[in-house]
Amino acid sequence: MTFRTSRRIPRVLVAAVGALLGIAVGTTAAAVPIRGSVQLPRDFAPPSEARENGPAGFYWEEWNGVLDLRPPRLDVEREIAVVLTGEGDSPGSDFQLSGGALRPSTMVARSGDMLRIANTDPCAHELFADGIEGLAVLQTAPGNARTLALTQVGHWLIQDRLYPHVKGYLHVIADLVARGTVQQDGRYAFSDVAPGGYTLKVFYRDRMVHSQRVEVEEGRELTIEPVALDLTTPRQ
Amino acid sequence: MLLSRFWYFALATAVFAAMTAALLTQAAFNRQYDSDINDQLRRDRFEIELMLKMDARSRIDAIAPIAANGDIRSALRTASGRENGAAMPADVSQRLGQRLRDLNRQLEGVAGEIVFAVDKNGDIVAQVGGTNVPSGASLGAFPLVDRALSGYVRDDVWVYNGQAYRMAARPVIDSGQYVGAIVHGKGLDDELARRLSDRLDGATVAFFMRDRVIGRHMPAGEAARAEEIEAPLVQALTDERLQQGGRTDPVDLGGNSRAVYSLVTGGAAHAQVGYAVARPRHQLASSWQIFDLIAFDDVKALPLPVLIGVPALLFFLGMLFVWLERDRPYGRLKRHAARLASREIDRFTITDFGGGYRKVASSVNDAMDKLVEQVAATSPKRKAANLDEILAPAPQAGVKPAPFFGFAGQQAQEADADIPDVPPASPGPAARGPLAAPFGPGDAPQPYRPMAPPPPGPRPPGPPPAAPPGPRPPMPGAGFRAPAPPLPMPAGGPGASSPFPALAPAPGQAAGQRAEAPSMDGLGGSRGSARPGWAKGTLLGVGDPNAIASGSSGDGGFPEDDEAATMVAEVPRELLAAAHSADPDEGHFREVFERFVEAKKECGEPVVGLTYEKMSQTLRKNRDQIVSRHGARTVRFTVYVKDGKAALKATPIKE
């Protein structure tokens, strides 16, 4: 009698584990990566960091006298955000203060998420945004994080009271499902996107510069045609 | 007083101008001082900007050896060559940190308080000073570092972990590539404020971050304190010009200093990091305080001759005006008043004075006139001086005139006749009586003789006449001094060369007998015992010869009624000769007038309106009347005092 009881428990247990494994395998098997690239204008130069109003940022800025200057370049990784919107879960809204600025500086988050900005810089920051309750001036020491519950859809500018170059363009949308990783050369990639129909959106600073419909098929990696961005388009 | 008044006006105007100048000088000084201090503060701010710029340049140049150091370059090349996402090699960081520390120490005065060595991405490889760096920390997004990594040398101002730093960065180049950058930082602190303040000579320099001062230096002596600079910070930071990169207008700090505020040139301006420069502000609280600012050299430079000479000249000029317009006319008035008091003059001559003094003189004259009128009104009514009445009216027609002689009884009754009674001639000695008093003005009424009686002249060779008696004592109530003596007798006696011929001795009178007393009516001469036919009457007429003989006159023969005391004596021949002039009596009239005026003054009577012309006219008229009525050759008038008043008596002269 004892031997029959011990044999039933392992069967139920095995069945349950097998079911779970099946669901997991089945899910994993459906997600596919999405790749693409954005193309910037050839002679595009990012806006000067000099303040329109206010004192000059320096007394001296001169060529070193030895090596030719490097041309100014857009920090694509920081300032271009490529996202998918549609049906699905939120990818989360974690961002950083890194290298002395927000990374990314163009932030797309989903309403209802908890916005979290971690300070990985060696210096403190004092982030604030006008119009968002809960994002008043507050110092965030190195290693700490600033959090905020995103309760409404909208667009806001996050600034730093200590550093004028620190600016974050927060876009809170309702149907964010995936946030792509953008590289300096303009290539981006989404990993593990569930099959279905989505809208690919590209944000640059305070505006959306591109949007297109994409269909993700099961089991097929999607490569989106390169998107030529017009970064001079005014904010919509 | 025009000059004096003008002088007083000029003096008041000068005082007004001086006071106004003093007050305006105070206001002008304060305003000019404020303007000067504002200009000084603007220059100070400009100099601070220059000094900070040169300081930035010096730091940029100072870190060049560090950026060019081989160890630094190789270490950064190694760090920049690692794979993306790979951790920083620890030994590289350690070696680089040590080398960085050594090189920074060699900078001495320019040594950084924080120094970073970053790779080509801005990741911190090594650090000197500051807080612990989290692993993988980067500074690549800071514009200073980003531009340095692009090949620029540049400066900036950071707020790094609560402190303000003056930053400088240079790229590190190795093998033709940018492998990283050196980032150097020095604090915005008291030391920098001291260096800047020393260069500005007396200015307070302070650095601030938002509403607090983070570095300061106050020079010795009067200087603005940090608390005073901090107080207006909140207000100053809202200044639009300051926010746009300029400076504020000069701001008063507690009333004793002024300051201008400005943000720094760099990223820290966004964090409201700036500096203030202040200077003491001296204001004159009163006009007197300007004397505290006077130096000895200023006094030495004063034109003393002008400063002393001009006021002295103006002073003497003013004194001259005062003397001309006040002292001199006042002195004149005083002298005339003294003369008026001593009766040298009867009244002020107003043309002798000018201006207000003329009015004073006129007022005094008016007052005297009114006083006279008031006295005249309150005193018993006295008829106006009428010489006709004094001289007695002429006998009326149909009325038998009083006998020329022998008027003793009648004279007393006709005392008010127009023509005064001619006193009868003095009777002979026999008829006279032993107690007959000599005729003359010694009898009442007393003639007015202001002078002392002369000594009697020598007796004539003939029967020596008795010396004329002295003047009788005045009647009670006459109130005048001893009557004047009679006219001096001729040297040869009454019959000598006197203008009044002596009377011939009376018939029956032997020479040597005592002659009758001569007339004392001013005619001189002596009574003679032989009288002319017309000169019959009672000498010293007075009254009834019988009364005289009986001695009933009461006073030894002198009549009580003095109006009958005149005796007509023989008219001296000289007198008759003197009557050959156009108006031979002119001299007599003049003399009578003078004596009459004098008598009135002695009696205290007014003499206003009494002129010689009027009196002589009256005398002349009465003389003519008496002469025509009595057949006299002329008339002689005498002045006497009656009841305390001056009066005249007429005596016709037959020959």
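Up top you'll find the structure we're talking about.
Residues numbered from 1 in each chain as written. Chains lettered and ligands numbered in written order. Predicted model: local features only at pLDDT ≥ 70, side-chain atom pairs only at ≥ 80, totals over all residues. Heavy atoms only, no water.

A closer look at the overall build of chain A
Each helix and strand counted, chain A has two helices and 19 strands in total. In chain A, which comprises 236 residues, the share counted as buried stands at 42%. The contacts of chain A with a sequence gap of at least 6 include a subset with a gap of at least 24, amounting to 65%. In the structure as shown, chain A presents an accessible area of about 12,800 Å², 52% of it carried by carbon and sulfur atoms. (Helix = DSSP H or I, 4+ residues; strand = E, 2+ residues; numbered from the N terminus. Buried < 20%, exposed > 50% of the residue type's maximum accessible area, 1.4 Å probe, protein only. Contact = heavy atoms within 4.5 Å. Areas by Shrake-Rupley, 256 points an atom, 1.4 Å probe, with all protein chains shown as cover.)

Let's talk about the pattern of salt bridges
All names here are of chain B. As enumerated under the stated definition, the model contains 46 salt bridges over all chains in all. One salt bridge connects Asp-102 with Arg-105, and the closest N-O pair in it is separated by 3.1 Å. Pair noted here: Asp-102 and Arg-105 are both in helix H4 (residues 90-106), with a separation of three residues, about one helical turn. Arg-105 gets classed as exposed once you look at its relative accessible area, which sits at 52%. Taking the shortest distance from any N to any O, the salt bridge between Arg-241 and Asp-249 comes out at 2.7 Å. Residue Asp-249 is classed as partly exposed on the basis of its relative accessible area, which comes to 41%. (Salt bridge = Lys/Arg side-chain N within 4 Å of Asp/Glu carboxyl O.)

Considerations on the sheet that holds strand E17 (residues 207-216) of chain A
All names here are of chain A. Reading across the sheet, the four strands line up as E13-E3-E16-E17 and stay open at both edges, with antiparallel pairing between neighbours. The sheet is open, and its two borders are formed by strand E13 (176-179) and E17, each paired with just one other strand. Averaged over all adjacent pairs, the angle separating strand axes in this sheet is 30°, with direction ignored. (Pairing = 2+ DSSP bridges. Axes fitted to C-alpha atoms, helices over the stretch in contact; angles between N-to-C directions.)

Considering the side chain of Glu-79 of chain A
All names here are of chain A. On the secondary structure map, Glu-79 appears in helix H2 (residues 76-79). Here the side chain of Glu-79 touches Arg-205 through a polar contact of 2.4 Å, side chain to side chain. In contact with Glu-79, not counting residues within four places along its chain, are Leu-74, Ser-105, Thr-106, Phe-203, Tyr-204 and Arg-205. (Polar contact = N/O pair within 3.5 Å; in protein donor to acceptor, adjacent residues only side chain to side chain.)

Details of the packing of aromatic side chains
In the structure shown here, the tally under the stated rule is 13 aromatic pairs over all chains. Seen in terms of ring centroids, Phe-116 of chain B and Tyr-160 of chain B are 5.5 Å apart; in terms of plane orientation they differ by 65°. Their pairing is edge-to-face. With Phe-116 of chain B in strand E1 (residues 114-119) and Tyr-160 of chain B in strand E3 (residues 152-160), this residue pair connects regions lying 44 residues apart in the sequence. We classify Tyr-160 of chain B as buried; its relative accessible area is 2%. Pairing Phe-208 of chain B with Tyr-261 of chain B gives two aromatic rings, centres 6.1 Å apart and planes at 65°, and the pair type is edge-to-face. Separated by 53 residues along the polypeptide, Phe-208 of chain B in strand E6 (residues 204-209) and Tyr-261 of chain B in strand E9 (residues 257-263) bring together distant segments of the chain. In terms of burial, Phe-208 of chain B and Tyr-261 of chain B fall into one category: buried. Ring pairing ties together the aromatic residues Tyr-163 of chain A together with Phe-116, Phe-142, Trp-158 and Tyr-160 of chain B, which thus form one cluster. (Phe/Tyr/Trp six-rings, centres within 6.5 Å; stacked < 30°, edge-to-face > 60°.)

What about helix H19 (residues 612-630) of chain B?
Residues and elements named next belong to chain B. Taking 1.5 Å per residue, 19 residues should reach 27 Å; H19 reaches 26 Å between its end C-alpha atoms and fits that length. Considered for burial, the residues of H19 that qualify are Tyr-612, Met-615, Ser-616, Thr-618, Leu-619, Asn-622, Arg-623, Ile-626 and His-630. Each buried residue of H19 sits inside an arc of 160° when the element is viewed along its axis, so together they form one side. Residues of H19 that are exposed and point more than 90 degrees away from the buried face comprise Glu-613, Lys-614, Gln-617 and Ser-628. Gly-631 lies just past H19 and shows a positive phi near 70°. (Expected span 1.5 Å × (residues − 1). Arc of directions from axis to C-beta.)

Topic: the sheet that holds strand E4 (residues 163-174) of chain B
Read from one edge to the other, the open sheet built from six strands follows the order E2(A)-E3(B)-E4(B)-E5(B)-E1(B)-E2(B), with strand pairing classed as antiparallel. Both outer strands of the open sheet, strand E2 (61-63) of chain A together with strand E2 (124-128) of chain B, are each paired with one neighbouring strand and no more. This sheet shows a mean twist of 20° between the axes of neighbouring strands, independent of strand direction. Pairing of E1 of chain B with E2 of chain B involves four bridges; the strand directions are antiparallel. Counterpart to Val-115 of chain B in the pairing with E2 of chain B is Val-128 of chain B.

A closer look at the side chain of Thr-248 of chain B
Residue and element names in this part refer to chain B. Within the secondary structure, Thr-248 sits in the loop between helix H9 (240-243) and strand E8 (251-253). Overall, the relative accessible area of 2% leaves Thr-248 in the buried class. With residues near it in sequence (within four places) discarded, Thr-248 still touches Ala-236, Asp-239, Leu-242, Val-260 and Tyr-261.

Considering the environment of Lys-120 of chain B
Residue position: Lys-120 of chain B is located in the loop between E1 and E2. For Lys-120 of chain B, a relative accessible area of 37% gives the class partly exposed. Sequence separation of Lys-120 of chain B and Leu-149 of chain B is 29 residues, and the distance between their C-alpha atoms is 6.3 Å. Those residues in contact with Lys-120 of chain B that sit more than four places away from it in its chain are Arg-70 of chain A together with Ser-80, Leu-149, Tyr-178, Val-179 and Gly-180 of chain B.

Brief notes about the nonpolar core
With 106 residues, the main nonpolar core has Leu-170 of chain A together with Trp-158 and Tyr-261 of chain B as its most contacted residues. By residue number, the principal contributor to this core is helix H1 (residues 2-62) of chain B, which donates seven residues. Excluding residues that lie within four positions of it along the chain, Leu-170 of chain A makes contacts with Met-107, Ala-109, Leu-115, Ile-132, Leu-150, Gly-154, His-155, Trp-156 and Ile-158 of chain A. Ranked by size, the runner-up nonpolar core spans 27 residues in total, among them Val-38, Ile-80, Phe-190 and Leu-222 of chain A. (Core = buried A, V, L, I, M, F, W, Y, C linked by side-chain atoms within 4.5 Å.)

Quick word on the interface of chain A and chain B
Contacts between the two partners involve 35 residues from chain A, matched on the other side by 48 residues from chain B. Buried area between chain A and chain B, summed over both chains or domains, comes out near 3,700 Å², and the portion from carbon and sulfur atoms is 57%. Its largest share of buried area at the contact with chain B, chain A owes to Tyr-59, Trp-60 and Pro-122 of chain A, together 23% of the area lost on that side. Our count for the contact surface shared by chain A and chain B stands at four salt bridges. Between Glu-126 of chain A and Arg-210 of chain B there is a salt bridge whose closest N-O contact spans 3.4 Å. On inspection of chain A and its partner chain B, the count reaches 23 residue pairs in polar contact (both at pLDDT 80 or more). In terms of residues, the side of chain A that touches chain B owes the most to one element, E2 of chain A, which gives three residues. In terms of residue class, the side of chain A that touches chain B is made up of 17 nonpolar, seven polar and eleven charged. (Buried area = accessible area lost by both parts, 1.4 Å probe. Nonpolar A, V, L, I, M, F, W, Y, C, P; charged D, E, K, R; others polar.)

Concerning the pairing of strand E11 (residues 154-160) of chain A
All names here are of chain A. Counting buried positions over the seven residues of E11 gives five, a clear majority of the element. As paired strands, strand E8 (residues 125-129) and E11 are joined by three bridges and run antiparallel to one another. Of the residues in E11, the one forming a bridge with Leu-127 is Asp-160. Sheet analysis places E11 next to strand E12 (residues 167-173), joined by six bridges and oriented antiparallel. Residue pairing across strands places His-155 opposite His-171, the latter belonging to E12. With antiparallel pairing between neighbouring strands as the criterion, E11 and E12 make up a hairpin whose turn holds six residues.

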